[in-house]
Structures are given as structure tokens and as C-alpha cells.
Amino acid sequence: MRTIALIAAILTYWSPACVTNIVQAESGARPSVKAAGGPSGTKPEDGKRKRKVKKAAATRPDKPRQLLYKDDFDGDLSQWVIEQAPGGAVRLKDEQLDIDDAKGCTVWFKEKLTGLIAIEYEATMIKQKGRSHDRVSDLNCFWMAIDPKHPKDIFSNKKRKGSFKNYHSLRLYYVGYGANNNNTTRFRRYPGGGARPCLPEHDRRDKKFMHTPNKTLKIRIIADGGRIQYLRDGEIVFDVIDKEPFTKGWFGFRTVRNHMRIDNFRVYSLARPKKG
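Remember, it's a predicted structure, so these values are computed and weren't measured experimentally.

A.B. asks: Before we go on, may I ask you to explain the pairing of strand β14 (residues 235-241) in this structure?
C.D. replies: Where strand β13 (residues 227-232) and β14 come together, six bridges link them in antiparallel fashion. By the bridge assignment for β14, Tyr230 is matched with Phe238. Joining the antiparallel neighbours β13 and β14 is a turn of two residues, in which Asp233 adopts a positive phi near 50 degrees.

See the structure below:
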């Protein structure tokens, strides 16, 4: 009986399947594994085994997820705070925000913005014959703006009054689009405290990134954590990686000695859906 059991064990050990696995292991190949739902060695019609992999949902930083705020400028200016030097006016005209400025103006959105967001609006630089403010220059903006002296309320400081130098101490992102008499388009990151650095790659002089009078532009600003983007008519103007991003603060339209109109203002959340 012992002899018969020994012979059976030897035959089992040296079965073809076992020999195959040993050879594969020594050669560095993986032993065959039984596919789920079918017999060992079964292959699909293309001759290759397929393994289903569940892909994580991709999140595009420029894809709006949830509308947070909107203003079509067909009611009033209750969502905005105006800081303007003498000689200019901000009003609603033809269901648009009309900014006619002489010496400097910032129009702040009242709500503090937080997290991953997209800001969108349409802007038209007005040019009419005989109007001194119709310079077609400086479609500018601030976002994620914080006053280091008043971090909880940017409106605590009543002394800015539209003068550009009074905004240098803020911590924020800034784009001056078609500024300096429509000759420069620049991105700056104000760290707070007065510095306003501008890297060479963030100083654009391309004519395609300047203004055409009375032409409406579609602006989109992306604040996706460390990825900051500014787009015009769907084309990326600035694409910045910030290792220490500003993730909360206020948004404001900014201009000087210029006449422009804003419409269809939107703020979207880009927040990833929570698991579970």
C-alpha cells in the first residue's frame, strides 16, 4: 500500500500542469492563473486575456460642476461694491454692467470665494467717437484677493477709492489684459506687502492677446488648487502652477481711464465629488 501511495504522489507532482508552472517560474514568466468566470487558460477572441480596470472619474479643471453665483445685470448692483476715483461712473445700462472710468476703478463681487472655482464673464471694450474715456485698454481683474490687515473683510478698508497704488498691499492674483494703452497682457501674483512680481513668461505682447474695439470677449478664470488659468474665448492666455496657491478671497473687475461693459457673470464650483 505504501508503494502504491508513493507512486500516486509522484505522478501527481509531475503532472503536465505542474511541470508547466515550474518551467514558467524559473524562466521568470508568471504561472497561468484561472480567469474569473471561466476555466483555466481560457482567452477572449483576440487571443489576449483582458482584465477589467475601473478608471477613476477624470476631473478637468476647466469643467464647471455647480453654479454658485450669477449676475446678468438685469436687476441692480446689490451684489457689488464699487471703489472709484472721482470723474467716473458705474451703472447698469442695456442689462450690462457699464464701467465708465477716469482715474481708476475696482468693482468687487461681495461674496468671498473659496476652494476650487471657475469665474466666467463677457467683456466689451467700448469705443465711441469723441469720448475721452474710450481708450480700449485695461480689462483687468483681481481674484482670491485678501487684505492682510483685514483678512476677514476686504471692505473694512475704506481708503482705497479706486487708486491703483492702494491695492498693491493686497494678496491676490491679477491679470492686466490689454493694458498700458493696449500693449501688454500680464499675470501677477501679489504676495501681500507691496511686491508685484511679473515673470518674463507672464508678460505677453502678442497682438492676438490685445483688444479689438467693441468686440465681446469671453473670459474664464480657473482656480483649481495649484493650477491657475486665464482663458480668453476658450484659448489659454496664462497657465500657472502655484506651489502655494491662494484658495480664498474676493474677485474684482479693475480698470483705469477706460469704458467697458460686463455681462453674464458666473461663478462655478470645481470641487471633486465626495466619496461615499
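What follows continues from the structure just given.
A.B. asks: Please explain the nonpolar core as it appears in this structure.
C.D. replies: Generally speaking, nonpolar side chains in soluble globular proteins are found buried as a group. With 40 residues, the main nonpolar core has Ile119, Tyr121, Trp143, Phe251, Phe253 and Phe265 as its most contacted residues. Broken down by element, this core gets its largest block of residues, five residues, from strand β7 (residues 117-125). Residues contacting Phe251, with those up to four places away along its chain left out, are Val107, Trp108, Phe109, Leu113, Ile119, Tyr121, Cys141, Phe142, Trp143, Ile221 and Phe265. Formed by twelve residues, the second largest nonpolar core is a distinct cluster that contains Ala145, Phe155, Tyr167 and Leu172.

A.B. asks: I'm lost on the packing of aromatic side chains in this one. Help?
C.D. replies: Given two aromatic rings, one states the distance between the centres and the angle between the planes to describe the pair. Considering all chains together, one arrives at 25 aromatic pairs under this definition. Centre to centre, the rings of Tyr173 and Phe246 are 4.9 Å apart; their planes meet at 40 degrees, and the pair counts as tilted. Of this pair, Tyr173 sits in strand β9 (residues 171-178) while Phe246 sits in the loop between β14 and β15 (248-255); the two residues are 73 residues apart in sequence, bridging distant segments of the chain. Of the two residues examined, Tyr173 and Phe246, each falls in the buried class. Put simply, the rings of Tyr69, Phe73, Trp80, Phe109, Tyr121, Phe251, Phe253 and Phe265 pair up and form one aromatic cluster. The ring of Phe246 has Arg171 sitting right over it, with the charged end atom 4.1 Å from the ring centre.

A.B. asks: Honestly, the environment of Cys141 in this entry has me stumped. Any pointers?
C.D. replies: By the secondary structure assignment, Cys141 is in strand β8 (residues 139-146). Residue Cys141 is classed as buried on the basis of its relative accessible area, which comes to 0%. Between the C-alpha atoms of Cys141 and Phe251, which are 110 residues apart in sequence, the distance is 7.4 Å. If we ignore the near neighbours within four places in the chain, the residues touching Cys141 are Tyr121, Tyr173, Tyr174, Val175, Ile221, Tyr230, Phe251, Gly252 and Arg254.

A.B. asks: Help me out: how do you make sense of the pattern of salt bridges in this one?
C.D. replies: If the charged atoms of two oppositely charged side chains come close together, the side chains can form a pair. Taken as a whole and judged by the stated rule, the model has 19 salt bridges. Arg91 is paired through a salt bridge with Asp98; the nearest N and O atoms lie 3.7 Å apart. For Arg91, a relative accessible area of 36% puts it in the partly exposed group. The residue Arg189 makes a salt bridge to Asp242 at a minimum N-O spacing of 2.8 Å. With Arg189 in strand β10 (residues 184-191) and Asp242 in the loop between β14 and β15, the pair connects residues that are 53 residues apart, well separated along the chain. Its relative accessible area of 26% is what places Arg189 among the partly exposed residues. On the basis of relative accessibility, which here comes to 10%, the residue Asp242 falls in the buried class. Linked through salt bridges whose partners overlap, the residues forming this network are Arg91, Asp94, Asp98 and Arg261.

Conventions we followed
Residues numbered from 1 in each chain as written. Predicted model: local features only at pLDDT ≥ 70, side-chain atom pairs only at ≥ 80, totals over all residues. Heavy atoms only, no water. Pairing = 2+ DSSP bridges. Helix = DSSP H or I, 4+ residues; strand = E, 2+ residues; numbered from the N terminus. Core = buried A, V, L, I, M, F, W, Y, C linked by side-chain atoms within 4.5 Å. Buried < 20%, exposed > 50% of the residue type's maximum accessible area, 1.4 Å probe, protein only. Contact = heavy atoms within 4.5 Å. Phe/Tyr/Trp six-rings, centres within 6.5 Å; stacked < 30°, edge-to-face > 60°. Lys NZ or Arg CZ within 6 Å of the ring centre and 35° of its normal. Salt bridge = Lys/Arg side-chain N within 4 Å of Asp/Glu carboxyl O.

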